[in-house]
Amino acid sequence: MSRSLIQVANQSIQNINANSIVSLGSVQRRYGCNLRLSGNAIECNGEGYYTIDGSISVSPTVAGPVTVAIYNNGVQIPGVIAYGSVSTAGNPVTLPLVGTIRQGCCCDSADNLTVVLISGAGVVNNVSLRVEKA
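Before going into details, it helps to say that this report is about the structure given with it. This structure is a prediction, so every number in the text was calculated from the model and none was measured.

## Looking at the overall build of the protein
Then step 1. Scanning the protein from terminus to terminus reveals 0 helices and 12 strands.
Then step 2. Tracing the protein from N to C terminus, the helices and strands come up as β-β-β-β-β-β-β-β-β-β-β-β.
Then step 3. In terms of overall size, the protein behaves like a compact globule, its C-alpha atoms giving a radius of gyration of 15 Å where 134 residues would be expected to give roughly 14 Å.
Then step 4. Considering the protein as a whole, with its 134 residues, one finds that 43% of them fall into the buried category.
Then step 5. In the protein, the share of contacts with a sequence separation of at least 24, taken over all contacts with a separation of at least 6, comes to 73%.

Here is the structure:
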């Protein structure tokens, strides 16, 4: 097994609706051949475990809950979800995203990881995400 790492970031202002994919921006660091940025997704190729570590800052347009999660091939990854709440619209909240996925032995297709703002539509002004293959 080979080690690979990718770190992406986006500090551009994004107006995001609920249940929408967040733009990951651009590659800041990349090592190895198992991970690459593909549009708004991180593509994981190769058998093994992939550790996910990141955060997202959201300023929702209305007071209340804010929820973000990471999806793998369009399905929410169990446990890789973060909740927050703001008492005043426009106040920023920073949410951590941490988890692990496993790519099985059938490596004919890649896993595609996306960040989805589930609730708390508003302005996303910072996304940082690192995925590492052990």
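## Let's talk about the pairing of strand β7 (residues 48–60)
Then step 1. Sheet topology note: the β7/strand β10 (residues 93–103) ladder contains 11 bridges and is antiparallel. From the neighbouring strand, Ser-57 faces β10, where its bridge partner is Thr-94.
Then step 2. Sheet analysis places β7 next to strand β12 (residues 122–133), joined by 11 bridges and oriented antiparallel. Looking at the pairing, Val-58 lines up with Val-124 of β12.

## Here's the deal with the side chain of Thr-114
Then step 1. By the secondary structure assignment, Thr-114 is in strand β11 (residues 111–119).
Then step 2. Using a relative accessible area of 12% as the deciding quantity, one classes Thr-114 as buried.
Then step 3. Ignoring sequence-local partners within four residues, the contact set of Thr-114 consists of Ile-21, Asn-40, Ala-41, Ala-69, Ile-70 and Tyr-71.

The rules we used
Residues numbered from 1 in each chain as written. Predicted model: local features only at pLDDT ≥ 70, side-chain atom pairs only at ≥ 80, totals over all residues. Heavy atoms only, no water. Helix = DSSP H or I, 4+ residues; strand = E, 2+ residues; numbered from the N terminus. Rg over C-alpha atoms; globule rule 2.2 N^0.38 Å. Buried < 20%, exposed > 50% of the residue type's maximum accessible area, 1.4 Å probe, protein only. Contact = heavy atoms within 4.5 Å. Pairing = 2+ DSSP bridges.

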